[in-house]
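The primary structure of each chain is shown beneath.
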Amino acid sequence: MSEVVQVERHGDVALIKVDNPPVNALGLAVRAGLLRALREAEADAAVRAVVLVCAGRTFMAGADIKEFGKPPRAPSLPEVVEAIEASAKPSVTVIHGTALGGGLEVALACHYRIARADAQVGLPEVKIGLLPGAGGTQRLPRLVGVGRALDMIVSGNPVKAPQALEYGILDAIVEGDLAEAGLAYARRLLDEGRGPRRTGERQVEGDAALIAARHAEVQKRMPGLFSPLHCVAAVEAATRLPLAEGLKRERELFQECLASPQRAALIHAFFAEREAAKIAGLPADTPVREVRTAAVIGGGTMGVGIALCFANVGIPVKLLEVDDAALDRALQRARATCQASVERGSLTAEAMEKRLGLIQGVLDYAALAEVDLVIEAVFESLDVKRQVFERLDAVCKPGAILASNTSSLDLDAIAAFTRRPQDVVGLHFFSPANVMRLLEVVRGRETSAEVLASAMQLGKRLKKVAVAVGVCDGFVGNRMIFQYGRQAEFLLEEGASPAQVDSALRDFGMAMGPLAVRDLSGLDISHAIRERQRPGLKPGQTLPTVLDHLYAAGMLGQKSGAGFYLYPQGSRTPQDNPALPAMLEQAAAARGIARQPVSAEHIVERCIFALVNEAARILDEGIAQRASDIDLIFLNGYGFPAWRGGPLFHADSLGLDQVLQRIREFHQRFGAWWEPAPLLERLVAEGRRFADL
Ligand code: 3H9
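Residues numbered from 1 in each chain as written. Predicted model: local features only at pLDDT ≥ 70, side-chain atom pairs only at ≥ 80, totals over all residues. Heavy atoms only, no water.

The protein is annotated in an unreviewed UniProt entry as 3-hydroxyacyl-CoA dehydrogenase from Pseudomonas delhiensis. In its Subcellular location (unreviewed entry) section, the UniProt entry covering the protein states "Peroxisome". Quoted straight from UniProt, the Pathway (unreviewed entry) entry for the protein says "Lipid metabolism; fatty acid beta-oxidation." (UniProt positions renumbered as here; feature names shortened; annotations may be inferred.)

Colleague: For this particular structure, what's the right way to read the UniProt feature "domain: 3-hydroxyacyl-CoA dehydrogenase NAD binding" (unreviewed entry) in the protein?
Modeller: As annotated by UniProt and renumbered to match this structure, "domain: 3-hydroxyacyl-CoA dehydrogenase NAD binding" (unreviewed entry) occupies residues 294–470. A helix fraction of 42% and a strand fraction of 20% characterise residues 294–470, whose end C-alpha atoms lie 24 Å from each other. (Helix = DSSP H or I, 4+ residues; strand = E, 2+ residues; numbered from the N terminus.)

Colleague: What is the right way to look at the sheet that holds strand β17 (residues 465–469) in this model?
Modeller: Two pairing modes exist for strands in a sheet, parallel and antiparallel, and in both the strands are linked by backbone hydrogen bonds. As summarised here, the arrangement of the eight strands in space is β12-β11-β10-β13-β14-β15-β16-β17, forming an open sheet in which the pairing is mixed. Whereas interior strands pair on both sides, the edge strands pair on one side only; in this sheet they are β12 (359–362) and β17. Going from strand to strand, the sheet's axes swing by 25° on average, the running direction of each strand aside. Pairing of strand β11 (residues 317–320) with β12, which is carried by four bridges, proceeds in the parallel orientation. From the neighbouring strand, K318 faces β12, where its bridge partner is Q360. (Pairing = 2+ DSSP bridges. Axes fitted to C-alpha atoms, helices over the stretch in contact; angles between N-to-C directions.)

Colleague: Help me out: how do you make sense of the sheet that holds strand β6 (residues 112–116) in this one?
Modeller: The sheet built from six strands is open, its strands ordered β1-β2-β3-β4-β6-β9 with mixed pairing. Strands with a single pairing partner mark the edges of an open sheet, and in this sheet they are β1 (5–10) and β9 (172–174). On average, adjacent strands in this sheet sit at an angle of 25° to one another, irrespective of strand direction.

Colleague: Explain the site of the ligand to me, please; I cannot follow it from the model alone.
Modeller: In the vicinity of the ligand there are 29 residues, among which R57, G102, E105, E125 and R274 approach most closely. I65 is positioned such that a nitrogen or oxygen atom in its backbone is 2.9 Å from a nitrogen atom of the ligand. Here E105 contributes a side-chain N or O atom positioned 2.7 Å from an oxygen atom of the ligand. Surface burial for the ligand is 78%, taken as the share of its 1,000 Å² of free accessible area covered by protein chains. Taken together, the elements giving at least two residues each to the shell around the ligand come down to β5 (98–100), α3 (102–109), α10 (243–259) and α11 (261–276). At three residues, α11 tops the list of elements feeding residues into the shell around the ligand. (Near = heavy atom within 4 Å. Polar contact = N/O pair within 3.5 Å; in protein donor to acceptor, adjacent residues only side chain to side chain. Areas by Shrake-Rupley, 256 points an atom, 1.4 Å probe, with all protein chains shown as cover.)

Colleague: Would you mind going over the UniProt feature "domain: 3-hydroxyacyl-CoA dehydrogenase C-terminal" (unreviewed entry) in the protein with me for this structure?
Modeller: The positions that UniProt labels "domain: 3-hydroxyacyl-CoA dehydrogenase C-terminal" (unreviewed entry) are, in the present scheme, residues 474–567 and 603–688. Taken end to end, residues 474–567 is 59% helix and 2% strand, and its first and last C-alpha atoms sit 29 Å apart. Regarding residues 603–688, the helix share stands at 70% and the strand share at 0%, and the terminal C-alpha atoms are separated by 27 Å.

Colleague: Help me out: how do you make sense of the domain arrangement of the protein in this one?
Modeller: Reports often express the size of an interface as the amount of accessible area lost when the parts come together. Partitioning the protein into structural domains gives domain 1 (5–126 + 133–201), domain 2 (294–469) and domain 3 (477–692). Here the C-alpha centre of domain 2 lies 42 Å away from the C-alpha centre of domain 1. (Domains from an automatic or database assignment.)

Colleague: Would you mind going over the side chain of T58 with me for this structure?
Modeller: Relative to the helices and strands, T58 resides in the loop between β3 (49–54) and α2 (77–86). Of the residues examined, T58 reaches a relative accessible area of 4% and is grouped as buried. For T58, the side chain forms a polar contact with the main-chain nitrogen of T98, separated by 2.8 Å. Setting aside its immediate chain neighbours within four residues, T58 contacts P22, V23, N24, H96, G97 and T98. (Buried < 20%, exposed > 50% of the residue type's maximum accessible area, 1.4 Å probe, protein only. Contact = heavy atoms within 4.5 Å.)

Colleague: In this structure, what is going on with the packing of aromatic side chains? I would like to understand it.
Modeller: Remark: the centre distance and the inter-plane angle together describe each pair of aromatic rings, the angle taken between the planes. By the definition in use, this model includes eight aromatic pairs. The interplanar angle of 65° and the centroid separation of 6.3 Å between the aromatic rings of F68 and F254 together place this pair among those described as edge-to-face. With a gap of 186 residues between them, F68 in the loop between β3 and α2 and F254 in helix α10 connect regions that are remote in the sequence. Taken as a pair, F68 and F254 share a single burial class, namely buried. Where F634 meets Y638, the ring centres are 4.6 Å apart and the plane angle is 20°; that geometry is what we call stacked. (Phe/Tyr/Trp six-rings, centres within 6.5 Å; stacked < 30°, edge-to-face > 60°.)

Colleague: Quick question: what am I supposed to make of the pairing of β17 here?
Modeller: On a regular strand, each side chain points to the face opposite its neighbour's, so the side chains alternate between the two faces of the sheet. In terms of residue burial, β17 counts as a mostly covered element, since five of its five residues are buried. Burial along β17 is two-sided: the face carrying V465, V467 and V469 and the face carrying A466 and A468 are both buried. Bridging between strand β16 (residues 438–442) and β17 involves five bridges; their strand directions are parallel. Bridge assignment links E440 to a residue of β17, and that residue is V467.

Structure below.
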């Protein structure tokens, strides 16, 4: 018997225990072990029932994702699952932690399912470009109905044990030792004379109208995504085919997903997220400082969003403002944000009050003396930051972590305003902070290993994707986005309209077009950044001038009703700005060019390759640790399409030689901004990819 699967006899019940840390993934050894254990129990006349439990922190979290894309090895998971369901002896499984993907499919094949109250079950395959391929799409609808099965399979979101009980996925919720609970349940089954109860033998009620509606909804809400429609098709098959044929159809659809480039991109993103937590030179056992209480300085949109991040995970947080009126506004803003969640149904009124109760408004720095961590979210000016950090240095207890949410100022300069630069770190949240998953953790020259490790751990606690970055103008994300946005402006001057630029990039998969984003964040901010950067430009790095024209006309984006687009009467729907064409003509004339049509393909190449070229410099300078960290930043902070895996995964899949060739052409045609990054040239010369770094 393989050691990852062990069998113990408890009288007439065989207890099968899976122990494959960290998450009991169903790799080859587990599959083979399960099959052997099952056959052994089948063959032993003294065994009358089987109990399946997992050791460690969780039930099986699914197939072993590392095996996808490699040659399949028998026994396959569907084979194991079929054997479990077909068994003539009743089986009970006990779920703790998360039963996900193939893990839940194994559980659905067991004849009875019980779980701890804090367990969760789900079929998240869609999130990695797949569909449940071991019977999940055929058995779940048989158990919970087509509507609920589609909800779970298309969203990939898990449900908690009490809800799973209500749905009929679980038979009971249990407490205490897993094996004992399973054995007790099995004994009861035997006492009551109950035998196997196979989900696959149940009938599914078809609902063609519901399936058609879901199909249409997926097409609308998830454009460009390959696997969600396959999920719908597989569930549809369950409604009209007998189990064996439905399983065959599921297998075919699964194989199509497995072969799709989107699967590879999404799995890249999955592992990128896990990799990002590992920092070279920072051992996993680096001591961390516990954050029991926090404070945020500044109650603007950003500060309030950050305070909510803490309250959302149950950490008490003080919010400091300059006077009563500003504090009132900030607390109102926090309430309004939560209220919107209550109205959407994603938060109960009771939970809202609990969260808001964790945010305490304060006016005096003295109130911050005992907090474990402070995040400054005040105006982006070094002078203002100096005042804040000098005061924090004076009042905060020794060992408190002092963080800045600056998006582009020099963190080392900020750290130098204190006598404890080792305790200073950047925590760059993205707006809206309580929604966006990305957190750039900026490591200053002096930031201690302990503070960096604590900040990374805090990111995970706040349910963020924390990525460590180094100090430079704009860190990783914004530094790249400066290049991207600049190309968007050049393209306008060369002949494109804002709607053309934005729709080309939306069609590529970006959540929003670059110009609509700029209007949303405010052109005054873009202008201020541009002016700050101007003195550092290298020879030949000319700037587009359209922004200057808009700024001079007081067109600051959504906040002023006009920017790259027009927003009449407070509308958020962009319309053409009639003042823009004349400005673009002027800008083009100043550059000595005639505006002419630009293709969508050219727009995408200019903007996306600008990201890639800058990312290569960032990697070379060590500002980002690895290519996949940069991908992660763009996937979680900038609306880059997950199914393309991030800008560098995308560049690898296009072929870096192709990308470099286009960049060289752009260098010839458009000048200094396009000087190829040395790393890109090296990679191409060596026939390597970003993924090989
Ligand atoms: C599937 O089941 C297909 C079937 O339908 C059909 C097949 C025919 N495989 O996230 P963490 C590793 S598709 C391999 O930091 P947490 C992970 O890389 C699968 N490795 O922990 C990390 O490794 P490392 C459907 C896996 O507590 C370590 O475990 N299932 C897998 O924050 C810890 O992970 C899913 O999509 C895996 N399946 O969260 C579930 N899962 O330490 C994917 C994890 O070397 N997993 N690892 O960096 C998750 O959602 C989370 O990992 C989980 C734990 C919630 C389980």
